[in-house]
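Spelled out, the chains give:
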Amino acid sequence: MKLTRVKGFKGEVTVPGDKSISHRSIMLGSLAKGDTEVYGFLQGADCLSSIDCFSKMGVEIENKGDMVIIHGRGLHGLKASSDTLDVGNSGTTTRLMSGILAAQQFTSRVNGDASIQKRPMKRIMTPLSMMGADITSELSNDCAPLIINGKQLKGIHYDSPVASAQVKSAVLFAGLYAEGETSVTEPAVSRNHTELMFEEFGVDIKCQGKTATVKPAKELYAKKVVVPGDISSAAYFMVAGAITPNSQITIKNVGINPTRDGIVRVFEMMGADIQVEKTSGDIGEPTADITVSTSNLKGCVIGGDIIPTLIDEIPAIAILACFAEGETVIKDAQELKVKESNRIDVMVNNLKAMGADIEATDDGMIIRGGKQLHGAVIDSKLDHRIAMSFAVAAMNADGDTEIIGSECVDISYPKFYDDINKLKM
Ligand code: S3P
């Protein structure tokens, strides 16, 4: 795809449903008794992989577009799949589902695309094995394909070395089936959608500080789920509004759960013109309409406990920092190296190609803003967040930019290019 400078962006956009919440609705809906209706479900390739995996385990799931109905089979109703469970590109499906599979009375094989086969799975294999799970990496490289031979699990307390909602959630899902209580303590609190949704579905879960504790469940009960807009998708429009001249963009109905809203705080720290107007919200997840206008930005330091609350937005924030005065330091973000691509290297190399003053560090990057960007050939590495971030950069650069693999936005935002083009002046 070829992109070039725009004059400005004006108008309103409604971004698709939250990816994390959409995945969890399929998993909890499958394990619940009764029918779960999900409104605003994200029809992106990752969430469709979750539907596909649970369908293969005997769950009837009707996907009607904006609404999905999951005919839950109860906590013990999943059936062995005769095929490999194909998670596609989705780390969330892989890790959360592994927590469930570890406790079933059957064996499963889990595999995905080339990117998934490189992502670290030891982080879930370790705590699940402590619970008594039999989970192995077929190629003995701690990556997928995974073979999971279901077992009776026992509750543990796990001190997680990483702030990762995927690790925490894998352990909590396994904890539904374990003997005794299961708890997870994280170094910093990661997104808490699993904990909130567990509560909605009737699970006994308690959260205190950095620890979540779950009691084994007897039954989960179906619940209507209204998925808020994904703040990770809103991020591209927020950045576009702030860095593009003559712009004002309102993003409607965005989830602003405090474990996800770090980007809003960064916008405030950088002096952006941003307004957050709370709307009603549902299922314990607060929402807001967010308006961002062309801004005079200044650099800042982003690190510590805020990182898990904006981890997926860092590629977009790196673009923002190129348009700020002074230096922006992103640190404590080594997790970026194990996302859909190595997002430190990929952001730094591609931004350098566009003329930015940026350097990689061990745990993030340093960006000295204010250098005019120019068009370049950008390799997205088939990472959806890289493609969308550079689309916004390209629309603020001199000359043409070509994004290789631009179609990978299908993972989380299939209509991204249509939606951003509609806002162009
Ligand atoms: C997710 C958690 C995050 C995030 C991913 C979705 C989730 O990963 O990067 O896109 O839905 O739990 P980690 O928890 O591994 O940081």
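Residues numbered from 1 in each chain as written. Predicted model: local features only at pLDDT ≥ 70, side-chain atom pairs only at ≥ 80, totals over all residues. Heavy atoms only, no water.

Details of the overall build of the chain
Looking only at helices and strands, the chain features 12 helices and 24 strands. In terms of overall size, the chain behaves like a compact globule, its C-alpha atoms giving a radius of gyration of 21 Å where 425 residues would be expected to give roughly 22 Å. Based on the C-alpha atoms only, the size of the chain along its principal axes is roughly 60 × 40 × 40 Å. Put simply, the chain has 425 residues, and 61% of those count as buried. (Helix = DSSP H or I, 4+ residues; strand = E, 2+ residues; numbered from the N terminus. Rg over C-alpha atoms; globule rule 2.2 N^0.38 Å. Buried < 20%, exposed > 50% of the residue type's maximum accessible area, 1.4 Å probe, protein only.)

Here's the deal with the packing of aromatic side chains
Applying the stated rule across the entire model yields six aromatic pairs. Seen in terms of ring centroids, Phe237 and Tyr413 are 6.1 Å apart; in terms of plane orientation they differ by 55°. Their pairing is tilted. Linking Phe237 in helix H7 (residues 231-243) with Tyr413 in the loop between strand E24 (401-404) and helix H12 (416-422), this pair joins segments that are 176 residues apart in sequence. Between the aromatic rings of Phe416 and Tyr417, the centroid separation amounts to 5.4 Å while the plane-to-plane angle is 70°, which identifies the pairing as edge-to-face. One aromatic cluster is present, built from ring pairs that chain together Tyr236, Phe237, Tyr413, Phe416 and Tyr417. (Phe/Tyr/Trp six-rings, centres within 6.5 Å; stacked < 30°, edge-to-face > 60°.)

Regarding the pattern of salt bridges
Applying the stated criterion across every chain yields a total of 25 salt bridges. For Arg5, the salt bridge is made with Asp398, and the minimal N-O distance between the two is 2.7 Å. Here Arg5 is found in the loop between strand E1 (2-3) and strand E2 (10-14), whereas its partner Asp398 is found in the loop between helix H11 (384-394) and E24, with 393 residues between them in sequence. A residue is classified by how much of its surface remains accessible, and Arg5, at 37% relative accessible area, is partly exposed. Residues Lys168 and Glu195 are paired through a salt bridge, measuring 2.8 Å at the closest nitrogen-oxygen approach. (Salt bridge = Lys/Arg side-chain N within 4 Å of Asp/Glu carboxyl O.)

Here's the deal with the sheet that holds strand E18 (residues 285-293)
If you walk across this open sheet you meet the four strands as E2-E16-E18-E17, and the pairing is mixed. Only two strands of the sheet have a single neighbouring strand rather than two, namely E2 and strand E17 (273-282). Strand after strand, the sheet turns through a mean of 15° between neighbouring axes, direction not considered. As judged from the six bridges shared by strand E16 (residues 248-255) and E18, these two strands associate in the antiparallel manner. (Pairing = 2+ DSSP bridges. Axes fitted to C-alpha atoms, helices over the stretch in contact; angles between N-to-C directions.)

So, the layout of surface pockets
Counted as a void, the largest pocket has a volume near 580 Å³. What lines the largest pocket is a set of 36 residues, and nearest its centre among them are Ala163, Ser164, Ile311, Glu335 and Lys339. Tallied by class, residues from the lining of the largest pocket come to 11 nonpolar, 10 polar and 15 charged. Split by domain, the residues of the lining of the largest pocket number at least three in each of domain 1 (2-16 + 228-422) and domain 2 (19-217). (1 Å grid on protein atoms, 1.4 Å probe; cavity = no way out; pocket = protein on both sides within 12 Å on 5 of 7 lines; lining within 4 Å. Points joined across faces, edges and corners; volume = space filled by probe spheres on them. Nonpolar A, V, L, I, M, F, W, Y, C, P; charged D, E, K, R; others polar. Domains from an automatic or database assignment.)

Focus: the site of the ligand
Taken together, Lys19, Ser20, Arg24, Thr92, Ser164, Ala165, Gln166, Arg191, Ile311, Asp312 and Lys339 make up the full set of residues adjacent to the ligand. One nitrogen or oxygen atom from the main chain of Gln166 is found 3.0 Å from an oxygen atom belonging to the ligand. Asp312 places a side-chain nitrogen or oxygen 2.6 Å from an oxygen atom of the ligand. Against a free-state accessible area of 380 Å², the protein chains account for coverage of 95% of the ligand. Applying the majority rule of atoms within 2 Å of the grid points places the ligand in the largest pocket. Only helix H1 (19-31) and helix H5 (165-175) provide two or more residues apiece to the shell around the ligand. When residues in the shell around the ligand are grouped by element, the largest group, three residues, is from H1. (Near = heavy atom within 4 Å. Polar contact = N/O pair within 3.5 Å; in protein donor to acceptor, adjacent residues only side chain to side chain. Areas by Shrake-Rupley, 256 points an atom, 1.4 Å probe, with all protein chains shown as cover. Sits in = over half its atoms within 2 Å of the grid points.)

Points about the domain arrangement of the chain
Taken domain by domain, the chain holds domain 1 (2-16 + 228-422) and domain 2 (19-217). The straight-line distance from the C-alpha centre of domain 1 to that of domain 2 is 28 Å. Taken residue by residue, the interface counts 23 residues in domain 1 and 25 residues in domain 2. When the two sides are added together, the surface that domain 1 and domain 2 hide from each other amounts to roughly 2,000 Å², 52% of it contributed by carbon and sulfur. At the surface where domain 1 touches domain 2, the tally comes to two salt bridges. We note a salt bridge from Arg123 to Glu335, for which the minimum N-O separation is 2.9 Å. Across the domain 1-domain 2 interface, the total number found is 12 residue pairs in polar contact (both at pLDDT 80 or more). Residues belonging to the side of domain 1 that touches domain 2 are distributed by class as follows: eight nonpolar, five polar and 10 charged. (Contact = heavy atoms within 4.5 Å. Buried area = accessible area lost by both parts, 1.4 Å probe.)

Structural notes on empty space enclosed by the protein
Inspection of the entire model under this criterion finds one cavity of 30 Å³ or more. When its volume is computed, the largest cavity comes out at roughly 30 Å³. Forming the boundary of the largest cavity are Asp18, Ile21, His193, Pro228, Ile231, Gly255, Ile256, Asn257, Arg260 and Glu285. Of the residues that constitute the lining of the largest cavity, the class distribution is four nonpolar, three polar and three charged.

A look at the pairing of strand E13 (residues 211-214)
Only one face of E13 is covered, namely the one carrying Ala212 and Val214; the face carrying Thr211 and Thr213 has none of its residues buried. Sheet topology places strand E11 (residues 182-185) next to E13; four bridges connect them, and they run antiparallel. Among the inter-strand pairings, Ser183 is bridged to a residue of E13, identified as Thr213. Summarising the sheet, strand E12 (residues 205-208) and E13 pair through four bridges and their orientation is antiparallel.

Brief notes about the environment of Val226
Structurally, Val226 can be placed in strand E15 (residues 225-226). By relative accessible area, Val226 is classed as partly exposed at 28%. Setting aside residues no more than four positions away along its own chain, Val226 makes contact with Tyr39, Asp282 and Ile283.

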